[in-house]
Amino acid sequence: MIKIKLLTIGNLKEKYLTAMQEEYLKRLSNYAKVTIIEEKEEKSNDINESIINQILNKEGDRLLGKIDDNDYVVLLDLHGKQIDSLDFAKLIDNKMTNGYSSFAFVIGGSYGVSDSLRKRANTKLSLSLMTFTHQFTRIIILEQIYRAFKINNNEVYHK
């Protein structure tokens, strides 16, 4: 079975988002073993470029520690490539066909991600030109992963 890790900075606080996450985890269980790994968001009262870089490096190191060598890493990034759902499904299918059985989807914190995490990513994707909270991003990517499996298995899913 395919393994998917969703690595995030921060956690879900709102009950309605937690319920949505649980629904997609339940739906995805037919296709993959999905694990959510939440890392603490670093905070500081003194924000300058140096502090932000320290925060990014701390968060990045913790996330990198959860990524295995054989994981295909998809970084959700404002500066990443935008693709539609069909191309996303093709990406997953192509990587599975080429021997990947473990994926790590990474959602950074409010300051973004470290350079080291950006370098480790196999693919950088942007969900939109708009900015979403990392909580909404989590739900959106879970839905898109589920949609990709439905597409790749030629199963009906509403449009």
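Residues numbered from 1 in each chain as written. Predicted model: local features only at pLDDT ≥ 70, side-chain atom pairs only at ≥ 80, totals over all residues. Heavy atoms only, no water.

Asker: Any chance you could break down the pairing of strand β4 (residues 102–107) for me, citing the residues and the numbers?
Answerer: Counting buried positions along β4 gives six out of six residues, so the element sits mostly inside the fold. Across the two faces of β4 the burial is the same, with Ser102, Ala104 and Val106 and Phe103, Phe105 and Ile107 all buried. Here strand β1 (residues 2–9) runs beside β4; their pairing, made up of six bridges, is parallel. Opposite Leu7, over in β4, you have Val106 as the bridge partner. Pairing between strand β3 (residues 72–81) and β4: five bridges, direction parallel. For Leu76, the partnering residue across the bridge sits in β4 and is Ile107. As a crossover connection, the stretch from β3 through helix α3 (residues 85–97) into β4 is right-handed. (Buried < 20%, exposed > 50% of the residue type's maximum accessible area, 1.4 Å probe, protein only. Helix = DSSP H or I, 4+ residues; strand = E, 2+ residues; numbered from the N terminus. Pairing = 2+ DSSP bridges. Right-handed = clockwise from strand over helix to strand, strands pointing away.)

Asker: Please provide a residue-by-residue account of the environment of Gly108, values included.
Answerer: Within the element layout of this structure, Gly108 appears in the loop between β4 and α4 (115–120). Beyond its immediate chain neighbours, meaning those up to four positions away, Gly108 contacts Ile9, Val113 and His134. (Contact = heavy atoms within 4.5 Å.)

Read these as layout, nothing more, since geometry by itself doesn't imply function.
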